[in-house]
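Topology and contacts: notes
Listed below are the residues making up each chain.
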Amino acid sequence: AESPIVLEGEMGTGRETLARALHKRSSRAKGPFVVFRGSDLPEDTVARGLFGSVTTGPDGRTTGQPGDIELAEGGTLFIDDLSIRQIQRFDYICGN
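Computed from a predicted structure; not experimentally measured.

Some words on the pairing of strand β4 (residues 76–80)
Burial of β4 is one-sided: the residues Thr-76, Phe-78 and Asp-80 facing one way are buried, the residues Leu-77 and Ile-79 facing the other way are not. Looking at chain direction, strand β1 (residues 33–37) and β4 are connected through five bridges and run parallel. Its bridge partner lying in β4, Phe-36 is registered against Ile-79.

Dropping the structure here:
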């Protein structure tokens, strides 16, 4: 059965290593393993990093940048180091 897993621990305790090992032994092993590092992004770009973005240029053409959720399709998305402020900002953007 497929289930989300939450790995908790201080920085440097091997959460990502464990997540990679679980991925390799899962039914999603042939899919990508994508790491989303919240600590690398300003608060206002967390949603864009996860969900992607669409931009309309001056000529009316739209271009899309996929988010990590889409990039991890068929594989595993490992979300690392989201701060409480980033989660609160993300919750605000999503209307909760």
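A word on the packing of aromatic side chains
For any pair of aromatic rings, the description rests on two quantities: the centre-to-centre distance and the angle between the ring planes. Tallied over the entire structure, the rule returns one aromatic pair. For the ring pair Phe-33 and Phe-78, a centre distance of 6.2 Å and an interplane angle of 20 degrees mean the geometry is stacked. With Phe-33 in strand β1 and Phe-78 in strand β4, this pair connects stretches of sequence that are 45 residues apart. Residue classification places Phe-33 among the buried residues on the basis of a relative accessible area of 17%. Residue class for Phe-78 comes out buried when judged on its relative accessible area of 9%.

Overview of the pattern of salt bridges
The final tally for this structure, using the stated rule, is five salt bridges. Taking the shortest distance from any N to any O, the salt bridge between Arg-15 and Asp-80 comes out at 2.8 Å. Here Asp-80 lies in strand β4 and Arg-15 lies in helix α1 (residues 15–24), a separation of 65 residues in the sequence. Exposure remark for Arg-15: the relative accessible area of 15% places this residue in the buried category. Note that Asp-81 is salt-bridged to Arg-15, the shortest N-O span being 3.2 Å. Residue Asp-81 is found in the loop between β4 and α4 (84–93), and its partner Arg-15 is found in helix α1; the two are separated by 66 residues along the sequence. Shared partners join several salt bridges into a network, and the residues in it are Arg-15, Glu-16, Arg-20, Arg-37, Asp-80 and Asp-81.

Remarks on the confidence of the model for the protein
When the pLDDT values of the protein are averaged, the result is 84; 84% of them are 70 or greater. Element-level pLDDT for the protein is lowest in α4, with a mean of 57, against a maximum mean of 96 in α1.

Observations regarding the environment of Val-46
For Val-46, the location among the structural elements is in helix α2 (residues 46–51). Sequence separation of Val-46 and Gly-67 is 21 residues, and the distance between their C-alpha atoms is 9.8 Å.

Some details on the side chain of Arg-15
There is a polar contact of 2.3 Å between the side chain of Arg-15 and the backbone oxygen of Gly-9. A polar contact is formed between the side chain of Arg-15 and the backbone oxygen of Glu-10, at a distance of 3.2 Å. Sequence-distant contacts of Arg-15, defined by excluding residues within four places in its chain, comprise Leu-7, Glu-8, Gly-9, Glu-10, Phe-78, Asp-80 and Asp-81.

So, how was this worked out
- Residues numbered from 1 in each chain as written.
- Predicted model: local features only at pLDDT ≥ 70, side-chain atom pairs only at ≥ 80, totals over all residues.
- Heavy atoms only, no water.
- Buried < 20%, exposed > 50% of the residue type's maximum accessible area, 1.4 Å probe, protein only.
- Helix = DSSP H or I, 4+ residues; strand = E, 2+ residues; numbered from the N terminus.
- Pairing = 2+ DSSP bridges.
- Phe/Tyr/Trp six-rings, centres within 6.5 Å; stacked < 30°, edge-to-face > 60°.
- Salt bridge = Lys/Arg side-chain N within 4 Å of Asp/Glu carboxyl O.
- pLDDT = per-residue confidence, 0-100.
- Polar contact = N/O pair within 3.5 Å; in protein donor to acceptor, adjacent residues only side chain to side chain.
- Contact = heavy atoms within 4.5 Å.

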